[in-house]
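Residue strings, one per chain:
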Amino acid sequence: MKLKKEVIVCILILFFYAVNPILFSYTSFAAASSDVININANEDIAISKEENNEAAEHNNKEENKILIKTGTVVPVILDTPATSKKNKTGSRIECRVYENIKIEDVLIFKEGGRAFLNVKFAKKAAFLGIPGKLTIKDGEIFDINGKKYKVVLDEVLEGKAKLYPKVLAGISIFFLWPLALFLFVKGEQAELPAHTPIETIIPQDSTFVPVL
C-alpha cells in the first residue's frame, strides 16, 4: 500500500511538470493576445480621435471663412517712382499695401503687405519734345497668410510734350539754322509717383480663411 502511494505521488509530480509548461504557454499566449487587442484598440481610438479632430478643424474653417466681395478696394503705394525711362514693358513694379484692410473685424490685408503691379507698356521720352508713356495694368496682392489675389487697375500715364522744339526746328530750317539744336530736346518721362495711394480692386469673390 505504501508503495502504491509513492507511485501515485511520483505520477502526480510528473503530471504536474508535464502540464505546467502547457499552462504557462497558454497563459503567455492569452496575455500576448490581450496586449495585441489592447494595442489595436488604442490605435483605433487614436485614429478615430485624429479623424474627429480633422473633421472639427475642417468644419471650423468652413464656418470661419470670410467672403472678400468683388469690388473690394485695396490701395497700394510705391516706395520709389515708376517711370517710362526706368521701367520696361512686361516688368513688374514692387509695391506694398497702403493700409490695413479688415472685413467683419478680421484683418485680411496688412499695411506694408506685399504687392506687385504689371507694366503693360513703357516708352521712353524722345527727342523733338516727344513725351514718355507708361501703362500699368493689373497686379497681385498677398493677404496676411501669404495667399495671392489678382487685382485690377488701368493707369495710362504720359509725360508732358514739349512743342517748342518742333516749332523752332521748323523755323530753323529756313531762317535760324542754329536753333536746330532744339531738335535734341526731349519730352518729359511718364511717371507713377511714390507714396501716393493707388486703388486696386479685387475682380471676383474670394474667400479668406483665418489661421486658428
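For the structure itself, look to the data block above.
Residues numbered from 1 in each chain as written. Predicted model: local features only at pLDDT ≥ 70, side-chain atom pairs only at ≥ 80, totals over all residues. Heavy atoms only, no water.

**Notes on the overall build of the protein**
(1) Moving on: If you tally the helices and strands in the protein, you get 2 helices and 12 strands.
(2) Moving on: Each helix and strand of the protein, placed in order from N terminus to C terminus, yields the pattern α-β-β-β-β-β-β-β-β-β-α-β-β-β.
(3) Moving on: Considering only contacts in the protein between residues 6 or more positions apart, those separated by 24 or more positions represent 67%.
(4) Moving on: Summed over all atoms, the accessible surface of the protein reaches about 14800 Å², with 60% contributed by carbon and sulfur. (Helix = DSSP H or I, 4+ residues; strand = E, 2+ residues; numbered from the N terminus. Contact = heavy atoms within 4.5 Å. Areas by Shrake-Rupley, 256 points an atom, 1.4 Å probe, with all protein chains shown as cover.)

**Brief notes about a positive patch on the surface**
(1) Moving on: Taken together, the side chains of K85, K88, K124 and K186 define a basic patch exposed on the protein surface.
(2) Moving on: Among the secondary structure elements, K88 is positioned in the loop between strand 3 (82-83) and strand 4 (92-97).
(3) Moving on: Residue K88 is classed as exposed on the basis of its relative accessible area of 65%. (Patch = residues over 30% accessible without salt bridge, like charges linked within 9 Å, V, L, I, M, F, W, Y side chains within 5 Å. Salt bridge = Lys/Arg side-chain N within 4 Å of Asp/Glu carboxyl O. Lys, Arg positive; Asp, Glu negative; His and termini not counted. Charge placed at Lys NZ, Arg CZ, Asp CG, Glu CD. Buried < 20%, exposed > 50% of the residue type's maximum accessible area, 1.4 Å probe, protein only.)

**Regarding the side chain of T135**
(1) Moving on: Note that T135 resides in strand 8 (residues 133-142).
(2) Moving on: In contact with T135, other than residues within four places in its own chain, are N118, V119, K120, F121, D154, E155 and V156.

**Things to note about the pairing of strand 11 (residues 198-201)**
Strand residues, when the strand is regular, have side chains that alternate between the two faces of the sheet.
(1) Moving on: The side-chain alternation of strand 11 yields one buried face, formed by I198 and T200, and one unburied face, formed by E199 and I201.
(2) Moving on: Both strand 2 (residues 73-77) and strand 11 contribute to a ladder of 4 bridges, which runs antiparallel. Of the residues in strand 11, the one forming a bridge with V73 is I201. (Pairing = 2+ DSSP bridges.)

**Some thoughts on the environment of V74**
(1) Moving on: Looking at the secondary structure, you find V74 in strand 2.
(2) Moving on: Of the residues examined, V74 reaches a relative accessible area of 0% and is grouped as buried.
(3) Moving on: Linking V74 and P197, residues 123 residues apart in sequence, is a C-alpha distance of 9.5 Å.
(4) Moving on: Contacts of V74, omitting those with residues within four sequence positions, involve V97, I101, F109, I141, I198, E199, T200 and I202.

**Things to note about the pairing of strand 4**
(1) Moving on: Note: strand 2 against strand 4, 2 bridges, orientation antiparallel. If you follow V76 over to strand 4, its bridge partner there is V97.
(2) Moving on: Two elements, strand 4 and strand 7 (residues 114-123), share 5 bridges in a ladder whose sense is antiparallel. Looking at the pairing, I93 lines up with L117 of strand 7.

Geometry only, nothing functional implied.
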